[in-house]
Amino acid sequence: MIEATPSNPAPTDFIRDIIDEDLRTNKHAGRVATRFPPEPNGYIHIGHAKSVCLNFGLAIQYQGTCNLRLDDTDPAGESMEFVESIIRDVHWLGFDWEDRLFYASDYFEKLYAFAVEMIKSGSAYVCSLNPDEMREYRGTFTEPGKDSPDRDRSVVENLDLFERMRAGEFADGAYTLRAKIDMAAPNIVMRDPILYRIKREPHYRTGTKWVIYPMYDFAHCLSDALEGITHSICTLEFENNRPLYDWIVERLIPANRPKQIEFARLSVSYTVLSKRRLIELVQKGYVNGWDDPRMPTVTGMRRRGYTPEAIRKFCAEIGVAKNDNLIDVALLEHCVRDDLNERSPRAMGVLHPLRVVIDNYPEDQVESFECQNHPQRPEMGVRQVPFSKVLYIERDDFMEDPPKKYHRLGPGREVRLRNAYIIKFASMVKDEKTGEVIEIHCTYDPATRNAPPADGRKVPGVIHWLSVQHAIPAEVRLYDRLFSIEDPGSEEDFIKYLNPNSLETVTTCYVEQSLKDGVPGSRYQFERLGYFCVDEKDTKAGRPVFNRVVPLRDSWTKIAERK
RNA sequence: UGGGGAAUCGUUCAAUGGUAGGACGACGGACUCUGACUCCGUUAAUCAAGGUUCGAAUCCUUGUUCCCCAGCCA
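Residues numbered from 1 in each chain as written. Chains lettered and ligands numbered in written order. Predicted model: local features only at pLDDT ≥ 70, side-chain atom pairs only at ≥ 80, totals over all residues. Heavy atoms only, no water.

Visitor: Quick question: what am I supposed to make of the overall build of chain A here?
Guide: When its secondary structure is counted, chain A shows 13 helices and 25 strands. Relative to the globule expectation of 24 Å for 563 residues, the C-alpha radius of gyration of chain A, 31 Å, shows a markedly less compact shape. The dimensions of chain A, computed from C-alpha atoms along their principal axes, are 100 × 55 × 45 Å. Per-residue burial over chain A gives 52% buried out of 563 residues. Pairs at least 24 residues apart make up 71% of the contacts formed inside chain A by residues separated by at least 6 positions. Accessible area for chain A stands at about 25,500 Å²; split by element, carbon and sulfur atoms hold 48% of it. The averaged location of the 88 negative side-chain charges in chain A is 2 Å from the averaged location of its 76 positive side-chain charges. (Helix = DSSP H or I, 4+ residues; strand = E, 2+ residues; numbered from the N terminus. Rg over C-alpha atoms; globule rule 2.2 N^0.38 Å. Buried < 20%, exposed > 50% of the residue type's maximum accessible area, 1.4 Å probe, protein only. Contact = heavy atoms within 4.5 Å. Areas by Shrake-Rupley, 256 points an atom, 1.4 Å probe, with all protein chains shown as cover. Lys, Arg positive; Asp, Glu negative; His and termini not counted. Charge placed at Lys NZ, Arg CZ, Asp CG, Glu CD.)

So, in structure tokens, the structure goes:
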């Protein structure tokens, strides 16, 4: 469980201001109770994570409670698979609701009783308008609606009809239960909104027990009230629904009424977060499922190698406000790097190998270098890495005709092999047909093992390497942003902005021996390349599969691009 | 076009009548056996126009732009 500590200062925002004020006036007897209320019709994503961190974070900060509630009032599309994924993902994010796991569907009986109460008090009526008529009677933005012909039906008749709706006497859509408010209200939400509809759709929890289901506007506020929620936090698009929320609660809940507070939902550049769009990506096979490491879902980010700490940091960094926003994905990546830098052991890996032969190194000699697992954290220990005459280095770490600021290997140049010797270029071997450099010959300076050059010369470049005979073949998946434009979420045909290079699988990679049977989910920094995570799903014995979580910041790329 | 919201560095969040600040980004530098990390510095904003005030991002007026709402979805 996360706690608010001095190193993790509680942010200030307008929601906390409201809560502070409520506490000051003793509005809820000092209680703070929130809830995270997803509908189980999809996997949760980084946008939900913002809400999770907000709601649970508030509960932690104010020593209150936060419930997990599945808002399952529309059986279409809901399933236990999604419930289970939500439970797993929220737990993984680091939050705990203890015994307060609730389902709106557990309140169906109570909600029905509330509806009956509304009918009895003359606040609701059974309406026989069909969907087309309903739309017509609702009016438009500029014209008021018309009263339903059933609006003045007697209480007795309404009660009878509603009971028979529940009993299954009528076809789907034949009747609805509506709140009697004001068909001329300027806020369209208040024009006699539907409270219950008839829908013969099996519910993943209640089966066929019910053929009528409450609408969001009716179920949500009352679920909040039933759970004693004090601050019901939702996104901006529900602002128009707040008067209805209050209208219902005022009629049915005598005291300790919950209050709805809205904040801006999260948008992230170069990604989409709407459920509809994510479903399309999955169903049409543009990605490999909800847990595709390119997906902004919690499960996708987890598989990619993001940590819950990084996601929480991100949610704290972006803040909470009422402005529409488009957060730069670079901030998310910053949070991930920041966290992974602290916790990831270093290792050497070669993505695109180039053979290097150390000419003056004894043929059959193998020596072992002790390498720090983390340059700033000695408590993370050391490991032994074998060295021999023939090595792999990264192809990028050699240039036949290097530009001025290039620090690494080239004709006539010297370079430090990380944790090992300084080597000096001797010659290169080219493929006869293509002219491509396929092997480098170097000499090493035995005096530079774990020591600077005796003559004090500067060797600016440090590269990583692997002993060919000890290297473990691996597969690495490199991920790039899923979309090629900043705000694909605003485009109707967002699919055409998919980045065709968002996944690159590299099969020629090698990693250190110590990573041969890497634990799924464990993360390493391959120095100079980025952070990598052993895939949780695709495990191959003796041939590890890595996801690149995020590349390291690389100022060389910028320097090179500028030319 | 009716109603509901929001406008502050490139992005994002603060400042609630009293020095416009932080983070990310970008740029420059120091350090470095990771061109990483770390450290230092620079850049850069109050939607507009009026008004009130000693003083306005903040209050008032008018205007502008953007977002949400006409599902028996949430």
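Visitor: I keep staring at the protein's contact with RNA strand B and nothing clicks. Help me out?
Guide: Near RNA strand B you find 70 residues, and of these Thr142, Arg346, His407, Gln525 and Arg528 are the closest. If you look at RNA strand B and keep only atoms within 4 Å of the protein, 63% of those are sugar or phosphate atoms. Interatomic distance of 2.6 Å between a backbone N/O atom of histidine 407 and a base oxygen of RNA strand B. A distance of 2.4 Å separates a base nitrogen of RNA strand B from a polar atom in the side chain of glutamine 525. (Near = heavy atom within 4 Å. Polar contact = N/O pair within 3.5 Å; in protein donor to acceptor, adjacent residues only side chain to side chain.)

Visitor: Can you walk me through the nonpolar core in this structure?
Guide: Counting 41 residues, the largest nonpolar core has Leu111, Phe162, Leu177, Tyr196, Ile212, Phe218 and Leu222 as the members making the most contacts within it. Going through the elements one at a time, α4 (108-120), β4 (124-127), α6 (155-167), β5 (176-179), β6 (194-198), β7 (212-214), α7 (216-226) and α8 (242-252) are the ones with two or more residues in this core. For this core, the element with the most residues is α4, which contributes eight residues. Residues Phe56, Phe95, Trp97 and Val268 belong to the second largest nonpolar core, which totals 40 residues. (Core = buried A, V, L, I, M, F, W, Y, C linked by side-chain atoms within 4.5 Å.)

Visitor: Looking at this structure, I do not really get the confidence of the model for chain A. What am I missing?
Guide: Detailed reading of the predicted coordinates is not advisable wherever pLDDT falls low. The pLDDT averaged across chain A works out to 95; a share of 98% of its residues lies at or above 70. On the interface metric, ipTM, the complex scores 0.97, and its pTM is 0.96. (pLDDT = per-residue confidence, 0-100.)

Visitor: Would you mind going over the pairing of strand β13 (residues 366-372) with me for this structure?
Guide: Walk down a regular strand and you will see the side chains alternate between the two sheet faces. Residues of β13 alternate between two faces, with Glu367, Phe369 and Cys371 buried on one and Val366, Ser368, Glu370 and Gln372 left unburied on the opposite face. Two elements, β13 and strand β14 (residues 382-388), share seven bridges in a ladder whose sense is antiparallel. In the sheet register, cysteine 371 faces β14, and the bridge partner there is arginine 383. (Pairing = 2+ DSSP bridges.)

Visitor: I tried to follow a positive patch on the surface on my own but got confused; where do I start?
Guide: On the surface, Lys405, Arg553, Lys558 and Arg562 cluster together into a positively charged patch. Tracing the sequence through the fold places lysine 558 in helix α13 (residues 555-562). For lysine 558, a relative accessible area of 45% puts it in the partly exposed group. (Patch = residues over 30% accessible without salt bridge, like charges linked within 9 Å, V, L, I, M, F, W, Y side chains within 5 Å. Salt bridge = Lys/Arg side-chain N within 4 Å of Asp/Glu carboxyl O.)

Visitor: I keep staring at the sheet that holds strand β12 (residues 353-358) and nothing clicks. Help me out?
Guide: Backbone hydrogen bonds are what pair the strands of a sheet, in a parallel or an antiparallel way. Read from one edge of the open sheet, seven strands run β19-β16-β17-β18-β12-β15-β20, paired in mixed fashion. Looking at strand neighbours, the two that pair on one side only are β19 (462-463) and β20 (465-467), the edges of this open sheet. Bridge analysis of strand β16 (residues 414-417) against β19 gives two bridges, and the strand direction is parallel. Counted as the bridge partner of leucine 417 is isoleucine 463 from β19.

Visitor: Just to check I follow, could you spell out the packing of α7 against α8 for this structure?
Guide: Working note: a packed helix pair is described by the angle between its axes plus the distance between those axes. Between α7 and α8, the shortest axis-to-axis distance is 9 Å and the interhelical angle comes to 60°. Put simply, α7 runs oblique to α8. Read as a crossing pair, α7 and α8 show a hand that is right-handed. Taken together, the residues of α8 that come into contact with α7 (itself represented by Asp217, Phe218, Cys221, Leu222 and Asp224) are Leu244, Tyr245, Ile248, Val249 and Leu252. Residues of the contact of α7 with α8, tallied by class, amount to eight nonpolar, no polar and two charged. (Axes fitted to C-alpha atoms, helices over the stretch in contact; angles between N-to-C directions. Parallel < 35°, antiparallel > 145°, perpendicular 65-115°, else oblique. Left-handed = near helix turned anticlockwise from the far one by under 90°. Nonpolar A, V, L, I, M, F, W, Y, C, P; charged D, E, K, R; others polar.)

Visitor: Looking at this structure, how should I read the pattern of salt bridges?
Guide: Across all of its chains, the model carries 53 salt bridges by this definition. Here lysine 284 ties to glutamate 280 by a salt bridge, and the two come within 3.4 Å at their closest N and O atoms. Here lysine 284 falls in the exposed class, since its relative accessible area comes to 56%. The partner of aspartate 493 in a salt bridge is lysine 496, with the nearest N and O atoms 3.2 Å apart. Here the residues in one salt-bridge network are Asp291, Arg303, Glu475, Arg477, Asp535, Lys537, Asp538 and Arg543, joined through shared partners.

Visitor: Can you walk me through helix α5 (residues 131-138) in this structure?
Guide: Three or four residues apart is the spacing at which side chains of an α-helix point the same way, because the helix has 3.6 residues per turn. Capping the start of α5, asparagine 130 holds a side-chain oxygen 3.0 Å from the backbone nitrogen of aspartate 132, two or three residues further along. Phi turns positive, to about 80°, at glycine 139, one or two residues after α5.

Visitor: Hey, could you run me through the packing of helix α1 (residues 14-24) against helix α2 (residues 46-61) in this one?
Guide: In contact at an axis separation of 12 Å, α1 and α2 are set at 40° when each is read in the N-to-C sense. Considering only the axes of α1 and α2, their crossing is right-handed. Note on element contacts: α2 touches α1 through Leu54, Leu58 and Gln61, opposite Ile15, Arg16 and Ile19. Its residues assigned to classes, the contact of α1 with α2 comprises four nonpolar, one polar and one charged.

Visitor: Hey, could you run me through unusual backbone geometry in this one?
Guide: Glycine aside, negative phi is the norm for most residues, and most peptide bonds take the trans geometry. In this model, alanine 29 sits at a positive phi of 55°, which is unusual for a non-glycine residue. By the secondary structure assignment, alanine 29 is in the loop between α1 and β1 (33-36). Overall, the relative accessible area of 63% leaves alanine 29 in the exposed class. For glutamine 63, which is not glycine, the phi dihedral falls at a positive 50°. Here glutamine 63 is to be found in the loop between α2 and β2 (65-70). Residue classification places glutamine 63 among the exposed positions, given a relative accessible area of 75%.

Visitor: Mind showing me how you'd approach the sheet that holds β4 here?
Guide: Taking strand neighbours across the sheet as the criterion, the four strands line up as β4-β5-β6-β7 in an open arrangement whose pairing is antiparallel. The sheet is open, and its two edges are formed by β4 and β7, each paired on a single side. Along the sheet, successive strands turn relative to each other by an average axial angle of 20°, direction set aside. For β5 and β6, the ladder comprises three bridges, and the chain directions are antiparallel. The partner of threonine 176 across the bridge, within β6, is arginine 197. Sheet strands in contact with α4 are β4, β5, β6 and β7, and its direction is about 120° off that of β6.

Visitor: I'm lost on the environment of histidine 470 in this one. Help?
Guide: Assignment of secondary structure puts histidine 470 in the loop between β20 and β21 (472-479). Sequence spacing of histidine 470 and valine 415 is 55 residues, and the spatial spacing of their C-alpha atoms is 22 Å. Not counting chain neighbours up to four residues away, the residues in contact with histidine 470 comprise Val366, Pro386, Ser388 and Gln513. Within the structure, the side chain of histidine 470 is placed 2.7 Å from the side chain of serine 467, a separation counted as a polar contact.

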